[in-house]
Amino acid sequence: MGDIWNRRGFLKKSALTTITSLIGAEIVFARHLPKKVLPVMMEVSPDDLLPGKHPDLVILNNKPWNVETPAHLLNDSVTPADKMFIRNNGNPPEEINMSNWTLKIDGESALQTKEYTIADLKSRFKHYSYQLTLECGGNGRAGFYPPASGNQWTEGAVSCGKWTGVRLKDVLNDAGVKQDAVYIGYKGADTHLSGDISKVPISRGVPISKALEDESLIAWSLNDEDIPLMNGFPLRLVIGGWPASTSGKWLRSISIRNVVHDGEKMTGTSYRVPKYPVQPGQKVPEEDFMIIESMPVKSIVTYPKSGAILKGTNKLKVNGHAWAGDLEVSKVQVSIDFGATWLECELKSPVNRLAWQHWSCTIDFPQSGYYEVWAKATDSNGVSQPMVIPGWNPKGYLNNSCHRIAVKVES
Amino acid sequence: MRLRIVFFYFLSIYVIACKTSQISEKNEEVEGQLTENSLDPDSGLRIDPNLMLVKANCTACHSSKLITMNRMSRERWKETIRWMQEKQNLWDLGESEPLVLDYLEKYYAPESQATRRKNLEAIEWYELKKQE
């Protein structure tokens, strides 16, 4: 693999692209220039492009930024900010002033239109902290065949940070929710990639019943610090267990709607799947799609990193996390024989509702050789992860197939 | 009788398709060695006489990675262009469109897959010395 495929190489190249477009001329032999010849302004470090993010995150897309976390970097029980994936639909706002940032509550089903500063939110409502699992609806898209278009997430578009803010329901009730309320829809301060200011990159939401749950937050803090810019600074929604696109970033307004919210990426085929099972590659008419709500049961192996070679021992401790949308995980098992037999793991309860759960077990390999450790979670309704890729759908959502790691025993 | 004709029609298409895929696989082995030199250093896109045309039309709004990480049939690439024209302000590609589609079809078409889970690939082996 060439230099441009590793992250730093890629960033160097993209910085170079930016500079050449600024200068307005192509530096034809840029890659042959010795480092010293590059103008000083080209010495851009990765930290300047993705401040505060771990250097081993995998960049899927830089316009807009879509960056995933390799499974072994998700080993922390609470996801640190630097290891939290990024899924942007547009460009993040450029100038942010926390002190004059406002949040507007409006909509057909709001009794009154109200506006709050962040200081208002902090002083007028009770604060709550929850650890909440946020997973992109397209996590696992790379597994579908025929390939589904979009960002080719593997396993790492998931996180479970500790979010602090106020309950969405407390703020909605302060403005007043009419009896006919059906949905909420957010708007953020991010801008459309085309530069067209009349276009909105994304404006999604959830049914009013989900919005009014205790754990639905308007948050200003991740792990007791400001939210990273790429994850929605200074204010965002956090709706645990549902596609993370419902957790609007750079939050400027929430409309209480008397219809299912019809903002950008709520309609058509965005974040929607067919209402019935379809054959891989099948054309599905738009009216036969339905909105994705709670995410399906899933687990990942976060320790060890795939590729571990054991020498002098046949024993291996493996661990990871499991989550199940609005439900709880009731069981996690691992298999080293491709599903022929399963070993039940130790599973902890969630720290709060909608937080992922930690599992671990010790495997005793019967002999030397190549193994794959497959993990499978089962939710509180008795529904498990499939080992094969689940039902194909045109946009490649909801691939919750088992995660696995490669292990070699050489003792 | 009619059914039989239809059957042989599809059988012949199948045979031709199999042969074509064998040929293209062989070609791939001979000339398809993907090296850094076959990629444009700025964008990571495959180098080709139509590369500049593709860059001019496709990477003004979005990253070239949105192309390089996707695999679609010609028809699906065309649908994606239509979607971008309808929703994302992409302009009419005019005479360039078939050339852009040629390029996308040539380098970014779906790869065949034998099973519903691929074998694990590109495993980076390391010795696990001290377990946590």
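That block above? That's the structure.
Structural notes, computed from the coordinates. Remember, predicted model here, so these are calculated numbers, not experimental data.

Procedures and definitions
Residues numbered from 1 in each chain as written. Chains lettered and ligands numbered in written order. Predicted model: local features only at pLDDT ≥ 70, side-chain atom pairs only at ≥ 80, totals over all residues. Heavy atoms only, no water. Contact = heavy atoms within 4.5 Å. Buried area = accessible area lost by both parts, 1.4 Å probe. Salt bridge = Lys/Arg side-chain N within 4 Å of Asp/Glu carboxyl O. Polar contact = N/O pair within 3.5 Å; in protein donor to acceptor, adjacent residues only side chain to side chain. Helix = DSSP H or I, 4+ residues; strand = E, 2+ residues; numbered from the N terminus. Nonpolar A, V, L, I, M, F, W, Y, C, P; charged D, E, K, R; others polar. Pairing = 2+ DSSP bridges. Phe/Tyr/Trp six-rings, centres within 6.5 Å; stacked < 30°, edge-to-face > 60°. Buried < 20%, exposed > 50% of the residue type's maximum accessible area, 1.4 Å probe, protein only. Lys NZ or Arg CZ within 6 Å of the ring centre and 35° of its normal. Axes fitted to C-alpha atoms, helices over the stretch in contact; angles between N-to-C directions. Core = buried A, V, L, I, M, F, W, Y, C linked by side-chain atoms within 4.5 Å. Expected span 1.5 Å × (residues − 1). Arc of directions from axis to C-beta. Parallel < 35°, antiparallel > 145°, perpendicular 65-115°, else oblique. Left-handed = near helix turned anticlockwise from the far one by under 90°.

## A closer look at the interface of chain B and chain A
Opposite the 40 residues of chain B that make contact, chain A presents 57 residues. Interface area, chain B with chain A, both sides summed: about 4,400 Å², of which 50% is carbon and sulfur. The interface formed by chain B and chain A contains 3 salt bridges. Between the two partners, chain B and chain A, sit 22 residue pairs in polar contact (both at pLDDT 80 or more). Contributions of two or more residues to the side of chain B that touches chain A are made by helix H3 (65-68), helix H4 (74-87) and strand S1 (126-127) of chain B. Across the side of chain B that touches chain A, the residue classes tally to 13 nonpolar, 11 polar and 16 charged. As paired elements, strand S17 (residues 308-310) of chain A and S1 of chain B share 2 bridges and run parallel to each other. By the bridge assignment for S1 of chain B, Ile309 of chain A is matched with Glu127 of chain B.

## Observations regarding the packing of aromatic side chains
Evaluation of the coordinates by the stated rule reveals 11 aromatic pairs over all chains. Ring plane angle 80° and centroid distance 6.1 Å describe the contact between Tyr370 of chain A and Trp125 of chain B, whose orientation is recorded as edge-to-face. Of the two residues, Tyr370 of chain A sits in strand S23 (residues 369-379) while Trp125 of chain B sits in the loop between helix H5 (96-107) and S1, which places them in two different chains. Relative to Tyr107 of chain B, the ring of Tyr103 of chain B lies with its centre 5.1 Å away and its plane at 65°, an arrangement referred to as edge-to-face. Placement of the pair is Tyr103 of chain B and Tyr107 of chain B together in helix H5, with a separation of 4 residues, close to one helical turn. Looking at Tyr107 of chain B, the relative accessible area reads 16%, which means it is buried. Taken together through their ring pairs, the aromatic side chains of Tyr103, Tyr107 and Tyr108 of chain B make up a single cluster. Directly above the aromatic system of Tyr128 of chain A lies the positively charged group of Arg167 of chain A, at a separation of 3.7 Å from the ring centroid. If you follow Lys376 of chain A out to its NZ or CZ, it ends over the ring of Trp342 of chain A, 4.3 Å from the centre.

## Regarding the sheet that holds strand S9 (residues 205-207) of chain A
All names here are of chain A. With mixed pairing, 5 strands are arranged side by side in an open sheet as S5-S4-S13-S8-S9. Unpaired on one side and paired on the other, strand S5 (114-117) and S9 mark the two borders of the sheet. Each neighbouring strand pair of the sheet contributes to a mean axis angle of 15°, computed without reference to strand direction. Relative to strand S13 (residues 251-257), strand S4 (residues 102-106) runs parallel, the two sharing 3 bridges. The partner of Asp106 across the bridge, within S13, is Ser255. Relative to the sheet, helix H4 (residues 168-175) contacts S4, S5, strand S8 (183-188) and S13, its axis offset from that of S5 by approximately 135°.

## A few points about the nonpolar core
Proteins that are soluble and globular tend to have nonpolar side chains buried together. All names here are of chain A. Among the nonpolar cores identified, the biggest contains 36 residues, and Leu121, Ile218 and Ile254 are the most heavily contacted of them. The biggest single contributor to this core is H4, with 4 residues. Apart from the residues within four sequence positions on either side, Leu121 is in contact with Leu103, Tyr116, Val166, Val171, Ile218, Trp220 and Leu235. By size, the runner-up hydrophobic cluster in this structure holds 25 residues, among which are Cys345, Phe365, Val373 and Ile405.

## Comments concerning H5 of chain B
Each turn of an α-helix holds 3.6 residues, which means side chains three or four residues apart point in the same direction. All names here are of chain B. In this model H5 runs 17 Å from its N-terminal to its C-terminal C-alpha over 12 residues, within 8% of the 16 Å that 1.5 Å per residue would give. For H5, the full list of buried residues reads Ser96, Glu97, Val100, Leu101, Tyr103, Leu104 and Tyr107. The buried residues of H5 all sit within an arc of 160° when viewed along its axis, so they share a single face. On its buried side, H5 packs onto helix H2 (51-58), H3 and H4.

## Quick look at the pattern of salt bridges
If you walk through the whole model with that rule in mind, you get 25 salt bridges over all chains. Of the charged contacts, one joins Arg257 of chain A and Asp262 of chain A as a salt bridge, the two residues approaching to 3.0 Å between their closest N and O atoms. With a relative accessible area of 12%, Arg257 of chain A lands in the buried category. Two residues, Glu124 of chain B and Lys305 of chain A, come together in a salt bridge whose shortest N-O distance is 3.6 Å. One end of the pair, Glu124 of chain B, is in the loop between H5 and S1; the other, Lys305 of chain A, is in the loop between strand S16 (298-303) and S17, on a second chain. Judged by relative accessible area, Glu124 of chain B falls into the exposed class, the value being 56%. For Lys305 of chain A, a relative accessible area of 28% puts it in the partly exposed group. Each of Lys210, Glu213, Glu215, Asp326 and Arg353 of chain A takes part in one network of salt bridges that share partners.

## Here's the deal with the environment of Ala189 of chain A
All names here are of chain A. Examined against the element boundaries, Ala189 turns out to sit in the loop between S8 and S9. As for Ala189 and Arg252, which are separated by 63 residues in sequence, their C-alpha atoms are 6.3 Å apart. Setting aside anything within four residues of it in sequence, one finds Ala189 in contact with Pro93, Trp101, Lys249, Trp250 and Arg252.

## Let's talk about the packing of H2 of chain B against H5 of chain B
Residue and element names in this part refer to chain B. Direction vectors running N to C along H2 and H5 enclose 110°, while the axes themselves pass 10 Å from each other. Relative to H5, the element H2 is oriented roughly perpendicular. Here Leu51, Leu53, Val54, Asn57 and Cys58 of H2 come into contact with H5, specifically with Ser96, Leu99, Val100 and Tyr103. Per-class residue counts for the contact of H2 with H5 are 7 nonpolar, 2 polar and no charged.

## As for the packing of H4 of chain B against H5 of chain B
All names here are of chain B. The geometry of H4 relative to H5 is characterised by a closest axis approach of 9 Å and an angle of 130° between their N-to-C directions. Relative to H5, the element H4 is oriented oblique. Crossing hand, H4 versus H5: right-handed. Mapping the contact onto sequence places Arg74, Trp77, Lys78, Ile81, Arg82 and Gln85 in H4 and Glu97, Pro98, Val100, Leu101, Asp102, Leu104 and Glu105 in H5. Residues of the contact of H4 with H5, tallied by class, amount to 6 nonpolar, 1 polar and 6 charged.

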